[in-house]
Amino acid sequence: MSNIVYLSLGSNLGDKESNIASSIAMLGAYIENTDIRTSSFYLSEPLYNTNQPAFINIIVELNTLFTPFQFLDKIHDIEKMLGRRIDREKNSPRTIDIDIVLFGDAFIQTAELTIPHSHALLRKFVLVPLAELVPEKIFLGTKHKMIDLLEKCPDTSTVDKYLIDKKA
């Protein structure tokens, strides 16, 4: 059975645009993943550890035949291939960070995986692109549309649409 999945992708090291584009391409290389759509790119100031470069963030929507845990394994493989270090400190700079925000109608809470993502509703860098991509979608476990959740988000960080320089 196919599930619609929403992923939050972020990068603040190296060629950020390429890291995100490569992640999307790698997700699309799995035949189990289809119908990939993305939000615009957004430039986001870092949260928590603010002494690091700004992030580029997007939301990716896709259909998958993978189970949530199979999908998590694939995400970890992609992150490793793009140079993400496993032994890094929490909230430190990274070439790529891929988080599962929503996975069909799954509610999962284990040490390894929490769906819906436990901090999604507190982060503008997740809600801004979600509200762009699927403004009328109800966030699982709430009665609220993405656009309404963004308006209520307590996060005051800056998240601006990022225009990619096509000359380079």
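Residues numbered from 1 in each chain as written. Predicted model: local features only at pLDDT ≥ 70, side-chain atom pairs only at ≥ 80, totals over all residues. Heavy atoms only, no water.

### Description of the packing of helix α1 (residues 16-29) against helix α2 (residues 68-81)
- It is the contact of α1 with α2, at a shortest axis distance of 10 Å, that shows an interaxial angle of 140°. In this view, α1 runs oblique relative to α2, as classed from their interaxial angle. The handedness of the crossing between α1 and α2 is right-handed. From α1, Ser23, Met26 and Leu27 reach across to α2, where they touch Phe71, Ile78 and Met81.
- Residue composition of the contact of α1 with α2, by class: five nonpolar, one polar and no charged. (Axes fitted to C-alpha atoms, helices over the stretch in contact; angles between N-to-C directions. Helix = DSSP H or I, 4+ residues; strand = E, 2+ residues; numbered from the N terminus. Parallel < 35°, antiparallel > 145°, perpendicular 65-115°, else oblique. Left-handed = near helix turned anticlockwise from the far one by under 90°. Contact = heavy atoms within 4.5 Å. Nonpolar A, V, L, I, M, F, W, Y, C, P; charged D, E, K, R; others polar.)

### Brief notes about the packing of aromatic side chains
- The tally for this structure, following the rule as stated, stands at three aromatic pairs.
- A centroid spacing of 5.6 Å and a plane angle of 80° characterise the contact between tyrosine 30 and phenylalanine 66, whose relative ring orientation is edge-to-face. Here tyrosine 30 is found in the loop between α1 and β2 (33-38), whereas its partner phenylalanine 66 is found in the loop between β4 (55-64) and α2, with 36 residues between them in sequence.
- Among the aromatic side chains, those forming a connected cluster through ring pairs are Tyr30, Phe66, Phe71 and Phe103. (Phe/Tyr/Trp six-rings, centres within 6.5 Å; stacked < 30°, edge-to-face > 60°.)

### Quick word on the nonpolar core
- Membership of the largest hydrophobic core comes to 26 residues, with the highest contact counts inside it found for Leu7, Leu9, Ile20, Phe71 and Ile100.
- When residues of this core are traced back to their parent elements, those giving at least two are β1 (3-11), α1, β4, α2 and β5 (97-103).
- With residues up to four places along the chain from it excluded, the contact list for isoleucine 20 reads Leu9, Gly10, Ser11, Phe41, Ile56, Ile58 and Ile96. (Core = buried A, V, L, I, M, F, W, Y, C linked by side-chain atoms within 4.5 Å. Buried < 20%, exposed > 50% of the residue type's maximum accessible area, 1.4 Å probe, protein only.)

Structural measurements only, silent on function.
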